[in-house]
Amino acid sequence: MKKIEIKNLTKIFGKNTKEGLKRLKKGQTKEEIFKETGMTVGVNQVDLDINEGELFVIMGLSGSGKSTLIRMLNRLIEPTSGDILIDGVHITNLNKAELRDVRRQKIAMVFQSFALFPHMTIAENTAYGLEVQGIPEEDRLRKAKEALELVNLAGYEDQYPSQLSGGMQQRVGLARALAADTDIILMDEAFSALDPLIRKEMQDELEKLQAKMGKTIVFITHDLNEALKLGDHIALMRDGKIVQVGTPEEILMNPANTFVERFVEDVDVSKILSAENIMIQPETIDVRRHGPRVALERMKQAGISSIYVVNEKNELQGIVTADEAAQGIKDHVIDIRSIMETDVPRVDEDCPLTEIIEKIYDIKVPIAVTDQKVLKGIIIRGTVLAALSKEEVSYA
Ligand SMILES: Nc1ncnc2c1ncn2[C@@H]1O[C@H](COP(=O)(O)OP(=O)(O)OP(=O)(O)O)[C@@H](O)[C@H]1O
Ligand SMILES: [Mg+2]
């Protein structure tokens, strides 16, 4: 379900935005328009759909238009042209009062550095914003307490900001957004000022919260690893435009152009890819119909030294090596079950590459990838290495 629809959205900073729009439609670049008119294109004809309950990451270099885009969603910045729909309602058409309601009830925002009020307690700081919503004090403090629990700050309600570390203060910012209990949270570099360890903690916490609360989160970051870790979808921006939108896998495995490619160059793919991304189609034999002779013949044909055995439903039964098959032929074995190994290395489709790497060096046969019992693919050392070096990877 679409939560936020962005249609042909443009922001031009400058005096004669009509003229700027004309130039954009003619295909002039941000740079050309700036040189010729002095106007800055913040966001350039962006189309985006953000689904309900997803964490949608916007990333891009400094000045690419991320903040401008996200701030148009609650009209902290007025769009020059285009449309924004939230739950099907045109945000661009709202009058002041309607807009105020949307900001209070639908969209909360967390910034990189936001100020806590030093003379107010953590609970009061968290509840700030609820007061303007007209919520009675008792309810405000209860909501604040719940939100602080969610970000692991239970017990700090009565402390003052100066008594908290920077990371804890940033969590209060998140708690404040959570306390407002909006469907949508906009986070503009909310973690960027934190040191790496605390940042990782916050990422983990946000993931957990997201799973628990199912909010729609639009999350801006400079950091590709953070984007890959958190994002259900990632949009890459450059010069006000969206260069690519996709799942983390899609962006890594299939960078739309050299700009995206350069962005993903330094990524540790082992943390992002899972078994289903690197498995290949397995050679198999049928447990009912095939004996050691067929097994050995198949292995010779395919140039492999072991083969997986499945039943008619493609459920994994075991594995036979070439040596075992050869021995079986000598011993006049007919039923493959009497020689196959049933204890096989096995992972689920979503097993991360990091775990697969650990396994694969200890075992001689390919790892089976299964869904319940069904054999979906196999992983061989070569494809793991290829994935790690980001060469061509075969998909099953
Ligand atoms: N108020 C403004 N007046 C004029 N130009 C602006 C204004 N705000 C932003 N811009 C310009 O719009 C473009 C996009 O800026 P924006 O702040 O959205 O980038 P960003 O991707 O958020 O960058 P950063 O990562 O540094 O926060 C930039 O070229 C910037 O100079
Ligand atoms: Mg910004």
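The notes below deal with the structure included here. (Residues numbered from 1 in each chain as written. Chains lettered and ligands numbered in written order. Predicted model: local features only at pLDDT ≥ 70, side-chain atom pairs only at ≥ 80, totals over all residues. Heavy atoms only, no water.)

## Section: the pairing of strand β1 (residues 2–13)
Our working rule: A pair of strands is labelled paired if DSSP reports no fewer than 2 bridges between them. The helix and strand labels rest on DSSP assignments: H or I over at least four residues marks a helix, E over at least two residues marks a strand, and numbering proceeds from the N terminus.
Direction of pairing for β1 relative to strand β2 (residues 40–51): antiparallel, over a ladder of eight bridges. In the strand pairing of β2, Lys11 is matched with Val43. Pairing analysis gives five bridges linking β1 to strand β4 (residues 81–86), with the strands arranged antiparallel. Of the residues in β4, the one forming a bridge with Glu5 is Leu85.

## Structural notes on the site of ligand 1
What counts, and what does not: Here a residue counts as near a molecule or strand whenever at least one of its heavy atoms sits within 4 Å of it. By the criterion applied in these results, polar contacts are pairs of N or O atoms within 3.5 Å in which, for protein atoms, one can donate a hydrogen and the other can accept it, and in which residues neighboring in sequence qualify only through two side-chain atoms. Only the protein chains shown count as covering a residue, and every accessible area follows the Shrake-Rupley method with a 1.4 Å probe. All amino acids are sorted into three groups, where Ala, Val, Leu, Ile, Met, Phe, Trp, Tyr, Cys and Pro are nonpolar, Asp, Glu, Lys and Arg are charged, and the leftover types, Gly among them, are polar.
Every one of the 14 residues lining ligand 1 counts as a neighbour, but Ser62, Gly63, Lys66, Ser67 and Thr68 are closest to it. Ser67 places a side-chain nitrogen or oxygen 2.8 Å from an oxygen atom of ligand 1. In isolation ligand 1 offers 630 Å² of accessible surface; the protein chains occlude 61% of this area. Elements that contribute at least two residues to the shell around ligand 1 include exactly β2 and α3 (66–73). Here the shell around ligand 1 takes three residues from α3, the largest share from any one element. Residue classes in the shell around ligand 1 are distributed as two nonpolar, nine polar and three charged.

## Brief notes about the nonpolar core
Cut-off, in case you're wondering: Here, the term nonpolar core denotes a set of buried Ala, Val, Leu, Ile, Met, Phe, Trp, Tyr and Cys residues that are joined through side-chain atoms within 4.5 Å. Categorising residues by exposure relies on relative accessible area from a 1.4 Å probe, with only protein chains included: less than 20% of the type maximum marks a residue as buried, more than 50% marks it as exposed, and the intermediate range marks it as partly exposed.
Grouped together as the largest cluster of nonpolar side chains are 62 residues, with contacts concentrated most on Leu174, Met187, Leu206, Phe219, Ile356 and Ile379. In terms of residue count, helix α7 (residues 166–179) provides more of this core than any other element does, seven residues in total. Core analysis: the next-biggest nonpolar cluster, separate from the first, contains 28 residues, Ile50, Ile91, Leu94 and Met109 among them.

## As for the layout of surface pockets
Filter applied, for reference: Here the term cavity refers to a set of points on a 1 Å grid, laid over the protein atoms alone, in which a 1.4 Å probe fits but cannot get out; the term pocket refers to an open set having protein on both sides within 12 Å along at least five of seven lines, with lining residues being those that place an atom within 4 Å of a point. Grid points are joined across faces, edges and corners, and a volume is the space filled by probe spheres set on the points.
By volume, the largest pocket is sized at about 570 Å³. Looking at the largest pocket, it is lined by 21 residues, and the ones nearest its centre are Arg103, Ile107, Ala108, Met109 and Gly129. Every element with two or more residues in the lining of the largest pocket is listed here: α4 (96–105), β6 (107–110) and α7. For the lining of the largest pocket, the residue count by class is twelve nonpolar, five polar and four charged. Space inside the second largest pocket adds up to approximately 390 Å³.

## Observations regarding the side chain of Glu189
What counts is decided by this rule: Whether two residues are in contact is decided by their heavy atoms, any of which lying within 4.5 Å being enough.
Checked against the element boundaries, Glu189 lands in the loop between β7 (184–188) and α8 (196–213). In this structure, Glu189 is in contact with Lys66, Gln112, Ile220 and His222, ignoring residues within four places of it in sequence.

## So, a negative patch on the surface
Heads up, the rule is: By definition, no residue in a patch forms a salt bridge, and every one has over 30% relative accessible area; like charges are joined within 9 Å, nonpolar side chains (Val, Leu, Ile, Met, Phe, Trp, Tyr) within 5 Å. We define a salt bridge as a side-chain nitrogen of Lys or Arg found within 4 Å of a carboxyl oxygen belonging to Asp or Glu. When charges are tallied, Lys and Arg are placed among the positive residues and Asp and Glu among the negative ones, while His and the ends of the chain are skipped. All charge positions are set by atom: Lys at NZ, Arg at CZ, Asp at CG, Glu at CD.
Together, Glu124, Glu131, Glu137, Glu138 and Asp158 make up a region of like negative charge exposed at the surface. Looking at the secondary structure, you find Asp158 in the loop between α6 (137–150) and α7.

## Here we look at empty space enclosed by the protein
Overall, the coordinates contain one cavity of 30 Å³ or more when judged by the stated rule. In terms of lining residues, the largest cavity is bounded by Leu174, Leu178, Ile185, Leu206, Leu209, Gln210, Met213, Lys215 and Ile217. Put simply, the parts of the chain that give the lining of the largest cavity at least two residues each are α7 and α8. Considering each element in turn, the lining of the largest cavity owes the most residues, four residues, to α8. Looking at the lining of the largest cavity residue by residue, the class counts come to seven nonpolar, one polar and one charged.

## Thoughts on helix α1 (residues 17–25)
To keep it simple, the criterion reads: Directions pointing from the helix axis toward each C-beta atom define the arc.
The complete set of buried residues in α1 reads Gly20, Leu21, Arg23 and Leu24. All buried residues of α1 project into a common sector of 160° when viewed along the axis, lining one side. Seen from the open side of α1, the exposed residues pointing more than 90 degrees away from its buried face are Lys18, Lys22 and Lys25. Of the surrounding secondary structure, the elements contacted by the buried residues of α1 are β1, α2 (30–37), β2 and β4.

## So, the sheet that holds β4
Two strands in a sheet stick together by hydrogen bonds in their backbones, pointing the same way (parallel) or opposite ways (antiparallel). Using the following cut-off: To get an axis, a line is fitted to the C-alpha atoms, and for a helix only the part in contact is used. The angle between two axes follows their N-to-C directions and goes from 0 to 180 degrees.
Across the sheet, four strands lie side by side as β2-β1-β4-β5; this open sheet has antiparallel pairing. Sheet topology places β2 and β5 (89–90) at the edges, where each strand pairs with a single neighbour. This element, α3, spans β1, β2 and β4 of the sheet and lies at about 120° to β1.

## Overview of the sheet that holds strand β12 (residues 306–310)
With mixed pairing, the three strands of this open sheet are ordered in space as β11-β12-β13. Here the strands that pair on one side only, and so sit at the sheet edges, are β11 (284–286) and β13 (316–321). Here the average twist between neighbouring strands, direction ignored, is 35°. Sheet strands in contact with helix α14 (residues 322–330) are β12 and β13, and its direction is about 80° off that of β13.

## Some details on the pairing of β7
Selection rule: By the criterion used throughout, a crossover qualifies as right-handed when its path from the first strand across the helix to the second strand runs clockwise, the strands pointing away from the viewer.
Counting buried positions over the five residues of β7 gives five, a clear majority of the element. Burial along β7 is two-sided: Ile184, Leu186 and Asp188 facing one way and Ile185 and Met187 facing the other are all buried. Sheet topology note: the β6/β7 ladder contains four bridges and is parallel. Opposite Ala108, over in β7, you have Ile185 as the bridge partner. By the bridge criterion, five bridges tie β7 to strand β8 (residues 216–221) in an arrangement that is parallel. If you follow Ile184 over to β8, its bridge partner there is Thr216. Crossover connection from β7 via α8 to parallel β8: handedness right-handed.

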